[in-house]
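Each chain, written out:
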Amino acid sequence: MADPGSSHGGIGKTAFSGLLLIALGCGLEAIFPTVRVSCPARTASAPDCDLRSSIAFDQVTVRHAPLPALQPIGEIEFVRTPRGRGGTPTLYFDTAAGRVSAIRWGDQLSLQKDLQEPLRAYLADPHAPAIAVTMRPTHWVDPGGNAANRLVRNTHPGKLAANALIIGGLLFWMWLPVELVTSLARRARA
């Protein structure tokens, strides 16, 4: 017959494993957050926009920065790290409060197509409606073909791995009630 203490150890291990997988997934997600810039409908004055970075299926905000009196979007700059060689592409927003860094993990195409180009078009139109642009972690690939479809956007592998870890942790927690019922049934028989 199974020792009742061993069933409690199994429940604890399952709960801890689930928590560990969720924590690892959220940590990996924090490396690749989703960036959203939202601006009100345009008027004659420069718009007061908002920058948010979110993780955990875009539900948890990890960074919030107001963009008061947003100016036309500058160029994408390559910021060198002390040990890095080529640098990290970074988009800066010029605001009334100074320069604000959009994101440091993004690739140049994502920064350009998801943030820079839509915001430039928005700022160029004095009667533009409200806008919310989102840059999700992506990985651009060249599948071949003709010039019209040379680059394709795929979800970043790091984001897929983070989601898989979080779902795995949730599955461990969904198994907890089964282990608890099994443990109680063994105890009742003993």
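Remember, it's a predicted structure, so these values are computed and weren't measured experimentally. Counting starts from 1 at the beginning of each chain's written sequence and moves along it residue by residue. Owing to the predicted nature of the model, reporting of local features is limited to residues with pLDDT of at least 70; listing and counting of side-chain atom pairs is limited to 80 or more, with chain, interface and lining totals taken over all residues. With hydrogens and water set aside, each side-chain value is computed from the structure's full complement of heavy atoms.

Details of helix H3 (residues 157-189)
Step number 1: The end-to-end C-alpha separation of H3 is 48 Å, in line with the 48 Å expected for 33 residues at 1.5 Å each.
Step number 2: Considering bend angle alone, the principal kink of H3 is centred on leucine 176 and spans about 25°; proline proline 177 follows within four residues of it.
Step number 3: Exposure classes here rest on a 1.4 Å probe applied to the protein chains alone. A residue is buried below 20% of its type maximum, exposed above 50%, and partly exposed in between. Under the DSSP-based scheme used, a helix requires at least four consecutive residues in state H or I and a strand at least two consecutive residues in state E, with every element numbered from the N terminus. Considered for burial, the residues of H3 that qualify are Gly158, Lys159, Ala162, Asn163, Ile166, Gly168, Gly169, Leu176, Glu179 and Ser183. Working rule for helices: expected span equals 1.5 Å times residues minus one. Note on bend: the value at a residue is the angle between axes fitted to the seven residues ending there and to the seven starting there.

A short note on the sheet that holds strand S7 (residues 131-135)
Step number 1: If you walk across this open sheet you meet the 4 strands as S3-S2-S1-S7, and the pairing is antiparallel. Unpaired on one side and paired on the other, strand S3 (60-67) and S7 mark the two borders of the sheet. Looking at each pair of strands side by side, their axes are set apart by 15° on average, direction ignored.
Step number 2: Relative to S7, strand S1 (residues 34-39) is paired through 5 bridges, and the arrangement is antiparallel. The residue bridging valine 35 from the neighbouring strand is methionine 135, located in S7.
Step number 3: In the packing of helix H2 (residues 108-124) onto the sheet, contacts are made with S1 and S7, and the angle to S7 comes to roughly 165°. Any two strands with at least two DSSP bridges between them are considered paired. To obtain an axis, a line is fitted to C-alpha atoms, over the contacting stretch when the element is a helix, and the angle between two such axes runs from 0 to 180 degrees between their N-to-C directions. By the convention used here, residues are in contact when the closest approach between their heavy atoms is within 4.5 Å.

Details of the state of the cysteines
Cysteine pairs can be covalently joined through their sulfur atoms, and such a bond is termed a disulfide.
Step number 1: Pairs of cysteine sulfur atoms within 2.5 Å are what we label disulfides. Using the criterion set out here, one finds 1 disulfide in the structure.
Step number 2: Across the disulfide from cysteine 39 sits cysteine 49; the S-S distance is 2.0 Å. One quick way to see it: the torsion about the S-S bond of cysteine 39 and cysteine 49 is about 115°, and its sign makes the bridge right-handed. Separated by 10 residues along the polypeptide, cysteine 39 in strand S1 and cysteine 49 in strand S2 (residues 49-55) bring together distant segments of the chain. Of the two residues examined, cysteine 39 and cysteine 49, each falls in the buried class.

Points about the nonpolar core
Step number 1: Val37, Phe93 and Leu115 are the most contacted members of the largest nonpolar core, which has 24 residues in total.
Step number 2: Mapped onto this core, the elements with two or more residues apiece are S1, S2, S3, strand S5 (88-95), H2 and S7.
Step number 3: The element best represented in this core is H2, accounting for 5 residues.
Step number 4: Apart from residues no more than four positions distant in its own chain, valine 37 is found in contact with Asp50, Leu51, Leu67, Phe93, Leu115, Leu119, Ile131, Ala132 and Val133. What makes a nonpolar core is a set of buried Ala, Val, Leu, Ile, Met, Phe, Trp, Tyr and Cys residues whose side-chain atoms join them at distances within 4.5 Å.

With respect to the pairing of strand S6 (residues 98-101)
Step number 1: Across 4 bridges, S5 lies against S6 in antiparallel orientation. In the strand pairing of S6, phenylalanine 93 is matched with valine 100.
Step number 2: From the end of S5 to the start of S6, which pair antiparallel, there are 2 residues.

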